[in-house]
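A look at the structure
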Amino acid sequence: MNRDKQRMVDSSLVCARIHFLLANYSQAETLLKNALKIQSKSKEAAYWLGLVSFYSYRNEPTDKDKAHKAKKAQSYLLDYLSVRIKEPKKDSGDVMLLWCLLVLTLELQGTYKHLKVKPKNKAEAYSYQIKRIDEYLGYIAWTEMYTYSSDTTKLNDCKDVLRELVTNYPGRPEAYLKLWALYVKMERLEDSIDIAERLFIEGTEYEGDEVTNVIVLCYVRSLIATKHELLAFQKIQYQYTIQTETPILLYYYGKFIAKCKDETLRKSFLGSALSSLQECIRSCLPHRHTKVYYWMGRIYEERKDIVNALFCYGKAVKGVKKGSTKYNVIAKYIDSYREFQAKSNAIAQKVSLGKFGHLTTDTKAKMQESLKPIEDEFIVIQKYDSMYAIYLKILYEFYVNSTLRI
């Protein structure tokens, strides 16, 4: 019986981790709660429940649901740590959840007016606990508190601490990354490039391609900010030749090109960017498709490919927060082509009816009435996209007029 219970717990954990990677946080949470019902002392299930609840909170767009999820995340994280913190042996998993609580606390302090959720402890308490497990990461945690401040003195103190950490721990990448982000925030872009380059050469004490990608993208962002776009695009291209199974590099390559302010350079790379995003759609997880389709739509819009731009924007708008910048861009474009969509859809319906109508003697008269050509529709479409109008005319002639002549 105990073996059966353990198998049920193990299978729930595996499925929950898969749902977590797919950003299906509610399904993951349900599976982890079921695992804890079966085995209430499962530390792994409690750990993942805390992590899932935190990510669910961070990805919630509405204030009402965000407040509810913030309370749950805080509760689950503290439940796990209340047990673990009493044990003498600590590990990186404890640091991860303490960091989640630190960030959650700092965010709740800044959003109390909107969410009305009070943090249960001070952020300093979590920084201190992290420092007890790993002194280096403890100092990083203290600098995290400073970065939430707009006080220039605190930001300078934060910078000094991070620079000292880089000097004393040259192989560990975390301080480099925090210092890079701080330089970007302070608009010290040349310094951000310098620290990114140092990280490339010296900060090598890590495992996993994910960290490599973060380092590469930080460097690329600094290059773009300092108007070295060509070098930035070439860097991503080179990195992808090393990591060909990493769709995130394809996504950022396409996005950065679509946003490039150098018109000549941008246009020369648009085809490459579009191919990268198309490949990204085929290889990335479904919950990331919204962002990819948005940038594909931007590229098609610039290339004046109305049909494909409308298709991509139509896919993207389903996952975009209403009122956001991306939503407004999509809405403006779709509104400007409503007439085009209406006319082209009307002809497409007639083509479909002619193609799949299965005419018989009894229905032919009705078909002829419904398939009457409307030249005005072609004229409107031609005004927007002459090539697409010709394409629709060919389909109309083949499937509709030939059907009427039967």
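Structure report, in brief. Values in this document were obtained by computation on a predicted structure and should not be read as measured data. (Residues numbered from 1 in each chain as written. Predicted model: local features only at pLDDT ≥ 70, side-chain atom pairs only at ≥ 80, totals over all residues. Heavy atoms only, no water.)

1. Examining helix 10 (residues 174-185)
- With 12 residues, helix 10 should reach 16 Å at 1.5 Å per residue; the first-to-last C-alpha distance of 17 Å fits that figure.
- By the burial criterion, the buried members of helix 10 are Ala175, Tyr176, Lys178, Leu179, Trp180, Leu182 and Tyr183.
- Those residues of helix 10 hidden inside the fold are in contact with helix 8 (135-147), helix 9 (152-168), helix 11 (189-202) and helix 12 (209-225).
- Directly beyond the C-terminal end of helix 10, a positive phi value near 60 degrees is found at Glu187. (Helix = DSSP H or I, 4+ residues; strand = E, 2+ residues; numbered from the N terminus. Expected span 1.5 Å × (residues − 1). Buried < 20%, exposed > 50% of the residue type's maximum accessible area, 1.4 Å probe, protein only. Contact = heavy atoms within 4.5 Å.)

2. Things to note about a nonpolar patch on the surface
- There is a patch of nonpolar side chains on the surface, built from Met387, Ile390 and Ile394 and spanning about 330 Å² of accessible area.
- Relative to the helices and strands, Ile394 resides in helix 22 (residues 386-404).
- Of the residues examined, Ile394 reaches a relative accessible area of 54% and is grouped as exposed. (Patch = residues over 30% accessible without salt bridge, like charges linked within 9 Å, V, L, I, M, F, W, Y side chains within 5 Å. Areas by Shrake-Rupley, 256 points an atom, 1.4 Å probe, with all protein chains shown as cover. Salt bridge = Lys/Arg side-chain N within 4 Å of Asp/Glu carboxyl O.)

3. Some thoughts on a negative patch on the surface
- A surface patch of negative charge is lined by Asp151, Asp157, Asp160 and Glu164.
- The topology assignment puts Asp157 in helix 9. (Lys, Arg positive; Asp, Glu negative; His and termini not counted. Charge placed at Lys NZ, Arg CZ, Asp CG, Glu CD.)

4. Quick word on the pattern of salt bridges
- Following the criterion strictly, the structure yields 15 salt bridges and no others.
- With its nearest N and O atoms 3.1 Å apart, the salt bridge here joins Arg172 to Asp134. Highlighted residues: Arg172 in the loop between helix 9 and helix 10 and Asp134 in the loop between helix 7 (123-133) and helix 8, separated in sequence by 38 residues.
- Across the pair Glu279 and Arg282 runs a salt bridge whose closest N-O atoms are separated by 3.0 Å. Taken together, the positions of Glu279 and Arg282, both in helix 15 (residues 263-283) and 3 residues apart, correspond to about one turn of that helix.
- Note on Glu279: relative accessible area 31%, which makes it partly exposed.
- The exposure class assigned to Arg282 is exposed, which follows from its relative accessible area of 61%.
- Several salt bridges converge on common partners, so that one network encompasses Glu29, Lys33 and Lys72.

5. Some thoughts on unusual backbone geometry
- Backbone geometry at Ala23 places phi at a positive 65 degrees, although glycine is not the residue there.
- Structurally, the position occupied by Ala23 is in the loop between helix 1 (2-21) and helix 2 (25-38).
- Even without being glycine, Lys116 reaches a positive phi, approximately 60 degrees.
- Examined against the element boundaries, Lys116 turns out to sit in the loop between helix 6 (112-115) and helix 7.

6. A short note on the nonpolar core
- The biggest cluster of nonpolar side chains holds 115 residues, and the ones touching the most others in it are Leu104, Leu162, Phe233, Val292 and Met296.
- What Leu162 contacts, discounting residues up to four positions off in sequence, is Ile140, Thr143, Ala175, Lys178, Leu179 and Leu182. (Core = buried A, V, L, I, M, F, W, Y, C linked by side-chain atoms within 4.5 Å.)

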